[in-house]
Amino acid sequence: MATAPSLSFEAGRTPLSVAMGDLNGDGMLDLAVANYSSGTVSILLGREGRIFGAKVDYETGNQPNSVAMGDVTGDGKPDLVVANDGSNTVSVLPGSGDGTFGPKVDYPTASKPRSVVMGDLNGDGKQDLAVANSGSGTVSVFLGNGDGSLGTKADFRTGSNALSIAIGDLNADGKPDIATANGGSKTVSVLLGNGNGVFGTNADYGTGGASPCVVLGDVVGDQRLDIAMANSSLSAVSILYGSGGEGFGVAAAAVAESAPSSTPTGAAIPDGNAAAPPSPWQGATTPASSGAEIKSEKTALLLSFGGTAVAAAMAPLAFAGNSSSAAAAIMGGALILGPALGHFYAGRSGRACAGIGIRLLAGAAVAAGGLAASSEMADTSETDSILVIAGIGAIVGGASILWDIARAPHSARVHNDQVRPGRISFGINPPMGAAGAGFSAAVTF
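What counts, and where the lines are drawn
- Residues numbered from 1 in each chain as written.
- Predicted model: local features only at pLDDT ≥ 70, side-chain atom pairs only at ≥ 80, totals over all residues.
- Heavy atoms only, no water.
- Pairing = 2+ DSSP bridges.
- Helix = DSSP H or I, 4+ residues; strand = E, 2+ residues; numbered from the N terminus.
- Axes fitted to C-alpha atoms, helices over the stretch in contact; angles between N-to-C directions.
- Salt bridge = Lys/Arg side-chain N within 4 Å of Asp/Glu carboxyl O.
- Buried < 20%, exposed > 50% of the residue type's maximum accessible area, 1.4 Å probe, protein only.

**Quick word on the sheet that holds strand 2 (residues 30–35)**
Phase 1: The antiparallel open sheet is built from 4 strands, whose spatial order is 1-2-3-6. Whereas interior strands pair on both sides, the edge strands pair on one side only; in this sheet they are strand 1 (15–21) and strand 6 (56–59). Strand-to-strand twist across the sheet, computed as the mean angle between neighbouring axes with direction ignored, equals 25°.
Phase 2: Where strand 1 meets strand 2, 6 bridges bridge the pair, whose relative direction is antiparallel.

**A look at the sheet that holds strand 18 (residues 203–206)**
Phase 1: Strand order across the open sheet formed by 4 strands is 15-16-17-18, with antiparallel pairing between neighbours. Looking at the sheet topology across the chains shown, the edges are occupied by strand 15 (162–168) and strand 18. Put simply, the sheet's adjacent strands are angled 20° from each other on average, direction ignored.
Phase 2: Bridging between strand 17 (residues 187–191) and strand 18 involves 4 bridges; their strand directions are antiparallel. Bridging across to strand 18, Val188 finds its partner in Tyr205.

**Details of unusual backbone geometry**
The general pattern is negative phi for most residues beyond glycine and trans for most peptide bonds.
Phase 1: Phi is positive for Arg50, close to 60°, though the residue is something other than glycine.
Phase 2: If you check the backbone angles, Gln63 has positive phi at about 55° while not being a glycine.
Phase 3: Mapping Gln63 onto the fold places it in the loop between strand 6 and strand 7 (64–70).

**With respect to the pattern of salt bridges**
Here the idea is simple: oppositely charged side chains can pair when their charged atoms come close.
Phase 1: Evaluation of the coordinates by the stated rule reveals 4 salt bridges.
Phase 2: Asp85 serves as the salt-bridge partner of Lys112, at 2.9 Å between the closest nitrogen and oxygen. One end of the pair, Lys112, is in the loop between strand 10 (105–108) and strand 11 (113–119); the other, Asp85, is in the loop between strand 8 (79–84) and strand 9 (89–93), with 27 residues separating them in the sequence.
Phase 3: Here Asp85 falls in the buried class, since its relative accessible area comes to 5%.

Below, the structure is given as structure tokens:
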């Protein structure tokens, strides 16, 4: 099939992102281009004959690398929002409706914003912003006031090095959710929305390689949103097929139609067809050859609960042997280390260490209360204050023990979700060294 010759139009220096829409109301598509090195956004108005006029530049923040269009001011005219990697801001440029824009207004984001999208995240009919921050591994959500101004940002955690972001209803509950492509952890994070601009804890899915771009669409025509990512490690497109509320399956990869040395950095999903998805295990390496380690949820619970119960049962024996200090040491060790065993086994070292720290502080408070109660302190009010702190410490410590025991199976399940897809190479042409990919996701806080 013959293709039309390509045409080039001048933009600023190092253009990294482009958005398309009718900026002047003439029915023709126009372009907005974010220029990383020149710190501007270039506007190219469309003309008849598939050409664009000369660029007009508008100042943005430092090192802009993502631009989006939408009506932030609520006047029915398209505005621009730009994520500025160098200044850690997002710029809002209000549109006049004739293709020109007013001066930027900057809002601080988290570290290294790389991608910005617009959408109504809280159901009030006003456009809001969501920004993927690669430096902090977070998403900054700005709720719009409908007049061009934005509220204070709220940050939500993603995987490491969030590079791209998309909005869509991923669990079919009628509320917008967020997906981010994470280049550092080689995952895609799904944050389910509550419908009020607040999002839940990220659920991460392995992609088998670094993904600088994510888009959402119904790939297989089953009325459920799927997630597609440009996979630079595989020179392929990775797809996570949605279940409409029950999460996503293992990533399947399709080789990009390009030279093996090329690196895809973007992806787009057209209107899906009814073709069946490929088997996620097609072309997969085996767990033995990849070095993957699948954690048992039952083992995690047994270690967490059993480690505490066995040590606690030994404490009375030590006490019966006239060794109260040994009994106290055994009991203390059980309460500190027992629940942590399940999380260490599950690969959640950060959670295990956090639990140990909480119980050490709680134990110190209880010990201080015991000393105060056994001493003959003149200031009774001071003793009462210490006893109150000791009581709070006992409650916090006890809650930490029960919480960690209950969460141990969940940690094992999270470990499997995060590590297995990253450490097993799925799809055609698995990358070199895939056995270690995604290992860092096993140790999370």
